[in-house]
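# Observations on the three-dimensional arrangement
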Amino acid sequence: MPATVKDVAKAAEVSIGTVSRVLSGEPTVAEATARRVLEAVEKLGYSRLRKKRPAGVGQQLTKKNIAMLLLGMDRSLVNLPSVACGIHGAESALSSAGANVLISDLPHVKDIPKSLASPTLHGVLAKAALQGKLIASADQELIARLRKIPTVWFLGRPQGADWGDVVESNDIEVGRLAADYLIEMGHRQIAIVDPKPDHVTFSQRCASFSWFATQHGAHVENIFGESSDWQLPLQPVRHVELVDELVGKLQKLRKKPTAIFCPADCVAAMVYRACSRRGTKIGKEISLISCNNELPLLTGLYPEVTTIDICAEQIGRQAVEQLIWRFDHPDSPIVSVSVKPLLVEGMSVARLTRSNK
């Protein structure tokens, strides 16, 4: 069977979107990453000459008006690499499917945008803040309107949203991959650093990580922030002092952890800074594994971060496929689709010997 773009992505340990960018000659991909992709292409004999369309996406959305709603998020969060990649993947797939795309940014979720009020609107792709009481605090006319339109949430479903399909990262698998890797590298004393303890995605990853790690006999310490530190519209983790305080608590633990799990790369970047300020060398004195594989956040960090690629661009594209499916199956029960993550190995996790466990 001929090799697929998924095979190339798996062999090169990158997302499908990264493979596409490399093969399209985009200069934004790191040289080492591009080289891995091209080596995988050559080894697998992958060819783009087939020009095969993604499954389910053709011109099925021609003459359909599709709204892309960004709900309860500060503009800085919308620009976070994983969110931006998901939006880009959805926009590209909508364009390929021939849709008329209407984008509405609703950071305060207080008004019904013109795109949603239109009687000719056919469907909605929604990316929402995954922390706080977004649905409960939103304009209820807006929520009532959304409930009447075929909707697919992507990159997670917000608390209280009991309608619409969802396409998201497989956060249980994200936690398992991270836990298994640290265990394989000999770590049994591990800390989770999470400044957003009631964030839907973060909490799922942390719970999964903790469960799988403890199943292997590890001891896991939770170093969590306060829910009161975060308000809508939600912002990304960029509060240096907040994460620095959590790292300070970590270093005061009676039994020092040998590794840290971060539920997102934006958290990992702040942990790197906090450790550097204290003279703690990541990859030597303490190990770290993270999630998302957001290269714009990770490129400047050394040693290179071991992280879990959630394939955000693929999630955006698959959300469009799910919306097309929903049009054809309007009466089917709610569907949840999860995209398989990939481990991207860096240098931030040291292999422990018996003497330094």
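Structure shown above.
My aim in this report is to walk through the structure given alongside it, one point at a time. (Residues numbered from 1 in each chain as written. Predicted model: local features only at pLDDT ≥ 70, side-chain atom pairs only at ≥ 80, totals over all residues. Heavy atoms only, no water.)

A few words now on the sheet that holds strand S3 (residues 121–128). The six strands lie next to each other as S2-S1-S3-S4-S5-S11, forming an open sheet whose pairing is parallel. Whereas interior strands pair on both sides, the edge strands pair on one side only; in this sheet they are strand S2 (100–106) and strand S11 (336–339). Going across the sheet, the axis of each strand differs from the next one's by a mean of 20°, ignoring polarity. Bridge analysis of strand S5 (residues 165–169) against S11 gives four bridges, and the strand direction is parallel. Residue pairing for S11: Ser169 is matched across the bridge by Val339. The strands touched by helix H14 (residues 312–328) within the sheet are strand S1 (65–71), S3, strand S4 (151–154), S5 and S11, with S5 carrying the most contacts at an inclination of about 160°. (Pairing = 2+ DSSP bridges. Helix = DSSP H or I, 4+ residues; strand = E, 2+ residues; numbered from the N terminus. Axes fitted to C-alpha atoms, helices over the stretch in contact; angles between N-to-C directions. Contact = heavy atoms within 4.5 Å.)

As a further point, take the packing of helix H1 (residues 5–12) against helix H3 (residues 31–44). The contact between H1 and H3 brings their axes to 9 Å, and the two run at 125°. As far as their axial angle goes, H3 and H1 are oblique. Judged by the sense of rotation from one axis to the other, the crossing of H1 with H3 is right-handed. Every residue of H3 that contacts H1 at Asp7, Val8, Ala11 and Ala12 is listed here: Arg36, Val37, Ala40, Val41 and Leu44. Among the residues making up the contact of H1 with H3, the classes are represented as seven nonpolar, no polar and two charged. (Parallel < 35°, antiparallel > 145°, perpendicular 65-115°, else oblique. Left-handed = near helix turned anticlockwise from the far one by under 90°. Nonpolar A, V, L, I, M, F, W, Y, C, P; charged D, E, K, R; others polar.)

Looking now at the nonpolar core. Core analysis: the biggest nonpolar cluster contains 81 residues, and Leu125, Phe209, Val271 and Leu288 have the highest contact counts within it. A total of nine residues in this core trace back to one element, the largest contributor, which is helix H12 (residues 265–277). Excluding residues within four positions of it along the chain, Val271 makes contact with Val193, Val243, Val247, Ile260, Cys262 and Leu288. Membership of the second largest hydrophobic core comes to 21 residues, among which are Leu106, Val109, Ile143 and Val166. (Core = buried A, V, L, I, M, F, W, Y, C linked by side-chain atoms within 4.5 Å. Buried < 20%, exposed > 50% of the residue type's maximum accessible area, 1.4 Å probe, protein only.)

Right, let's talk about the packing of helix H11 (residues 240–251) against H12 for a bit. One can describe the packing of H11 onto H12 by two numbers: an axis separation of 9 Å at closest approach and a directional angle of 65°. By the angle between their axes, H11 is roughly perpendicular relative to H12. Seen from above, H11 lies across H12 with right-handed handedness. When H11 is examined against H12, the residues Val240, Val243, Asp244 and Val247 are found in contact with a partner set consisting of Val267, Met270, Val271, Arg273, Ala274, Cys275 and Arg277. Class assignment for the residues of the contact of H11 with H12 results in eight nonpolar, no polar and three charged.

Quick look at the state of the cysteines now. Taken as a whole, this structure holds zero disulfides when the rule is applied. With no disulfide of its own, Cys206 lies closest to Cys291 among cysteine sulfurs, the gap being 7.8 Å. Cys206 gets classed as buried once you look at its relative accessible area, which sits at 4%. Considering cysteine sulfurs only, Cys291 is the nearest to Cys262, which forms no disulfide, with 8.1 Å between them. (Disulfide = S-S within 2.5 Å.)

Now for helix H9 (residues 171–184). With 14 residues, H9 ought to run about 20 Å at 1.5 Å a step, and its terminal C-alpha atoms sit 20 Å apart, in line with that. Counting buried positions over the 14 residues of H9 gives ten, a clear majority of the element. The complete set of buried residues in H9 reads Asp171, Glu173, Val174, Gly175, Leu177, Ala178, Ala179, Tyr181, Leu182 and Ile183. Just downstream of H9 lies Gly186, where phi reads positive at about 95°. (Expected span 1.5 Å × (residues − 1).)

Turning to the packing of aromatic side chains, a few remarks are in order. Taken as a whole and assessed by the stated rule, the structure comprises three aromatic pairs. Relative to Trp163, the ring of Trp153 lies with its centre 5.6 Å away and its plane at 65°, an arrangement referred to as edge-to-face. Linking Trp153 in strand S4 with Trp163 in the loop between S4 and S5, this pair joins segments that are ten residues apart in sequence. Of the two residues examined, Trp153 and Trp163, each falls in the buried class. (Phe/Tyr/Trp six-rings, centres within 6.5 Å; stacked < 30°, edge-to-face > 60°.)

Here we take up the side chain of Thr306. Structurally, Thr306 is set in strand S10 (residues 306–309). Polar contacts involving the side chain of Thr306 include one to the main-chain amide nitrogen of Gly346, which spans 2.8 Å. In contact with Thr306, not counting residues within four places along its chain, are Tyr181, Leu288, Ile289, Ser290, Leu343, Val344, Glu345, Gly346, Met347, Ser348 and Val349. (Polar contact = N/O pair within 3.5 Å; in protein donor to acceptor, adjacent residues only side chain to side chain.)

Now for the environment of Cys311. In this fold, Cys311 is placed in the loop between S10 and H14. Taking C-alpha positions, Cys311 is 9.6 Å from Glu168, a pair spaced 143 residues apart along the chain. The residues touching Cys311, leaving out its near neighbours within four places in the chain, are Ser15, Val339, Lys340 and Leu342.

What follows is about the pairing of S1. With respect to burial, S1 is a largely interior element, seven of its seven residues being buried. Burial along S1 is two-sided: Asn65, Ala67, Leu69 and Leu71 facing one way and Ile66, Met68 and Leu70 facing the other are all buried. One ladder, built from seven bridges, connects S1 with S3; its direction is parallel. Bridge pairing links Ile66 to Gly123 in S3.

The next subject is helix H8 (residues 140–147). Along H8, the positions that sit buried rather than exposed are Leu142, Ile143 and Leu146. For H8, the arc enclosing every buried residue in end-on projection is 95°, short of the 170-degree limit, so these residues lie on one face. Lining the buried residues of H8 we find S1, S2, helix H6 (114–117), S3, helix H7 (134–137) and S4. Where H8 starts, the residue carrying a side-chain oxygen 2.8 Å from the main-chain nitrogen of Glu141 turns out to be Asp139. (Arc of directions from axis to C-beta.)

As far as function goes, none of this settles anything; it's purely spatial.
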